[in-house]
Amino acid sequence: MSNNDKKTLSFSQSVNHMADRAFQALDMDPGIANAIKACNSTIQVNFPVNIKGKIEVFTGWRAVHSSHRLPAKGGIRFAVIVDQDEVEALASLMTYKCAIVDVPFGGSKGGLLIDPAKYDRDDMELITRRFARELIRKGFLSPATNVPAPDMGTGQREMAWIADTYKLLHPEDINHNGCVTGKPVAHGGIRGRTEATGRGVVYAIREFFRHPDDVKTAGLSGGLSGKRIVIQGLGNVGYYAAKLLEEEDDAKIIAIIERDGALINDDGLAIEAVRQYINEHKTIKGFSDATFTENGSSALELKCDILIPAALEAQITADNADRIKTSLIVEAANGPVTFAADEILRSRGVTILPDAYVNAGGVTVSYFEWIRNLSHIRFGRMERRFDEMRGQHLISAMESLTDKTVPDWMRNEIVRGANELDLVRSGLDDTMRNAYQELSETLHNNDKIEDFRTAAYVVAINKISRSYFDIGVY
Ligand code: GLU
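Described in the following lines is the structure provided in the data block. Note on numbering: residues in each chain are counted from 1, in written sequence order. Under the rules for a predicted model, residues below a pLDDT of 70 receive no local features and side-chain atom pairs below 80 are neither given nor counted, while totals for whole chains, interfaces and linings still include all residues. For side-chain calculations, the full set of non-hydrogen atoms in the structure is used, while hydrogens and water are omitted.

### Focus: the site of the ligand
So, point 1. In these notes, residues near a molecule or strand are those with any non-hydrogen atom within 4 Å of it. Residues in contact with the ligand amount to 14 residues; listed here are only the nearest, Lys73, Lys97, Lys109, Asp151 and Ser366.
So, point 2. Take Arg193: an N or O atom from its side chain is 3.0 Å from an oxygen atom of the ligand.
So, point 3. In the complex, 95% of the free accessible area of the ligand, which totals 300 Å², lies under the protein chains.
So, point 4. Numbering goes from the N terminus for both helices and strands, where a helix is a DSSP run of H or I of at least four residues and a strand is a run of E of at least two. Broken down by element, the shell around the ligand gets its largest block of residues, 3 residues, from helix α13 (residues 361-375).
So, point 5. Classification convention: Asp, Glu, Lys, Arg as charged; Ala, Val, Leu, Ile, Met, Phe, Trp, Tyr, Cys, Pro as nonpolar; all other residues, Gly among them, as polar. Classifying every residue of the shell around the ligand by side-chain character gives 4 nonpolar, 5 polar and 5 charged. Any pair of nitrogen or oxygen atoms within 3.5 Å is treated as a polar contact; in protein, a donor-acceptor pairing is required on top of that, and neighbouring residues in sequence qualify only through side-chain atoms on both sides. Only the protein chains shown count as cover for residues, and the accessible areas themselves come from Shrake-Rupley with a 1.4 Å probe.

This is the structure:
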């Protein structure tokens, strides 16, 4: 393929080309490879909504890439960039993502072509409920078969409307709450879901730094403390990732890139202050403790240790890949590096932790939420007090055997029973660590695999193809 052809690949072609490297490394039968790559089904819906007395027609899609595991899972995005190819590409990434982190779901994704900023809350509710109804009626939304979640332009509010719409149409379905994840906690959501993708990104980076050989290969040394980080996008994913990296890992966020430009401060930005400024002013322009540049994407080219694209797809392309000056790219967004850019960065030896692994924290905690909904009980509800009592007995036993008093900090640690948030974070951390270890072992034990992305696809494809072989292809 010529360099020009690579430049004009669509998003789904770009994902498929990346997957092809793994199929080649695995010497996979081309028929099976095509079966895995193909998107099962996509529906397009066009529906009218009465917006303050005027009828407007909206267009949306839901793609199911794979249903070797059910339900198929993936977010719904509300944005002006949505089209069928994007939704299908994102659905295929969901298939690989779920396999990488051992979440037993197929891959799906939805999108509505809309600029949410143009509508008020009541309009958004009408539009969301109507879109949900279309998906439910066409068999593309239910707890057993297809479960959406938040994505770009959607959040808890939209998920609550979707859940309520499903419940109104299917009151007899005892598991109605499991028809969508990312709901508010008061409506069947789980604690820790909102921060999950960003937190998962941080757990992935921490695990990377627990592997000194991988750190060295990337041209880095030491731990996360003091590392200079550029982050693109301070939305839900970028905000939590940046905040944790700054506050818990002592890393320096030297630049934040947003829609309207970039903020740069070599001594590190205070993430909470930037976020509050954005909430108040709807822009980063004018934030006092940084230099502002209107040319936001130029900040992607700043020299740094870690570059975290956490916004849109296709941000690092054949046009700027040569000028990227980081050692490590951590793909918190879906598809931020195009296939053509990936080839350039690979040849330059830049380490990339791929999207299908890095941002899998969201769907991981969605999985916990779905289980919570099916089991109709909050995690930790049965065992918390029991664990606390056992901790108390342990302390009493230690004190009576040693004749010493256990210090308060130790007593508090031992006596505390885990609540739902503790369990969610522990499950998420464990998932991200295990998946990294699987990727790293796969990368180091196969000569045909040169990078983490191919390793991630190999891990995913091995698991998916096994289920095809086990159940047969009809
Ligand atoms: N939209 C998120 C993603 O792209 C979450 C999907 C989910 O939780 O189902 O991974």
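Next comes the rest of the description.
### As for the packing of helix α2 (residues 11-26) against helix α4 (residues 84-100)
So, point 1. Note on geometry: axes are C-alpha line fits, over the in-contact stretch for helices, and angles between N-to-C directions span 0 to 180 degrees. With their axes 7 Å apart at the nearest point, α2 and α4 run at an angle of 30° to one another. When the interaxial angle is binned, α2 and α4 end up roughly parallel. Residue-level contacts link Phe11, Ser12, Val15 and Ala19 of α2 to Asp85, Glu86, Ala89, Leu90, Ser92, Leu93 and Tyr96 of α4.
So, point 2. Per-class residue counts for the contact of α2 with α4 are 7 nonpolar, 2 polar and 2 charged. When describing relative orientation, an angle under 35 degrees is termed roughly parallel and one over 145 degrees roughly antiparallel, while 65 to 115 degrees is termed roughly perpendicular and anything else oblique. Only heavy atoms matter for contacts: two residues are in contact if any of them lie within 4.5 Å across the pair.

### Overview of the pattern of salt bridges
Side chains that carry opposite charge are capable of pairing whenever their charged atoms lie near each other.
So, point 1. Each salt bridge in this description consists of a side-chain nitrogen of Lys or Arg and a carboxyl oxygen of Asp or Glu lying within 4 Å of one another. Under the definition given, this model contains 44 salt bridges.
So, point 2. The salt bridge partner of Asp123 is Lys52, with a shortest N-O separation of 3.0 Å. With Asp123 in helix α5 (residues 121-137) and Lys52 in the loop between β1 (41-51) and β2 (54-64), this residue pair connects regions lying 71 residues apart in the sequence.
So, point 3. Exposure classes here rest on a 1.4 Å probe applied to the protein chains alone. A residue is buried below 20% of its type maximum, exposed above 50%, and partly exposed in between. Accessibility expressed as a relative area gives 58% for Lys52, which makes it exposed.
So, point 4. The partner of Arg121 in a salt bridge is Glu125, and the shortest N-O contact between them spans 3.3 Å. Highlighted residues: Arg121 and Glu125, both in helix α5, separated by 4 residues, approximately one helical turn.
So, point 5. Exposure remark for Arg121: the relative accessible area of 43% places this residue in the partly exposed category.

### Quick word on the pairing of strand β5 (residues 106-113)
So, point 1. In terms of burial, β5 is largely enclosed, as 7 of its 8 residues are buried.
So, point 2. Pairing between two strands is assigned when DSSP locates at least 2 bridges connecting them. Bridge analysis of β2 against β5 gives 5 bridges, and the strand direction is antiparallel. Paired with Trp61 across the two strands is Gly111, which belongs to β5.
So, point 3. As judged from the 2 bridges shared by strand β3 (residues 72-73) and β5, these two strands associate in the parallel manner. Within the sheet, the bridge partner assigned to Lys73 lies in β5 and is Gly107.
So, point 4. Judged from the 4 bridges that link them, strand β4 (residues 76-79) and β5 form a sheet pairing that is parallel. When the sheet's bridge partners are listed, Ile76 is paired in β5 with Gly110.

### Topic: empty space enclosed by the protein
So, point 1. With a 1 Å grid spanning the protein atoms alone, the term cavity applies to any set of points in which a 1.4 Å probe fits but cannot get out, the term pocket to an open set with protein on both sides within 12 Å along at least five of seven lines, and the term lining residue to any residue with an atom within 4 Å of a point. Grid points are joined across faces, edges and corners, and a volume is the space filled by probe spheres set on the points. Overall, the coordinates contain 1 cavity of 30 Å³ or more when judged by the stated rule.
So, point 2. Each pocket or cavity is described by its volume, and for the largest cavity that value is around 40 Å³.
So, point 3. If you trace the largest cavity, you find it lined by Phe11, Ser14, Val15, Met18, Gly335, Val337, Asp355 and Arg453.
So, point 4. In terms of residue count, α2 provides more of the lining of the largest cavity than any other element does, 4 residues in total.
So, point 5. A breakdown of the residues in the lining of the largest cavity according to their chemical character gives 4 nonpolar, 2 polar and 2 charged.

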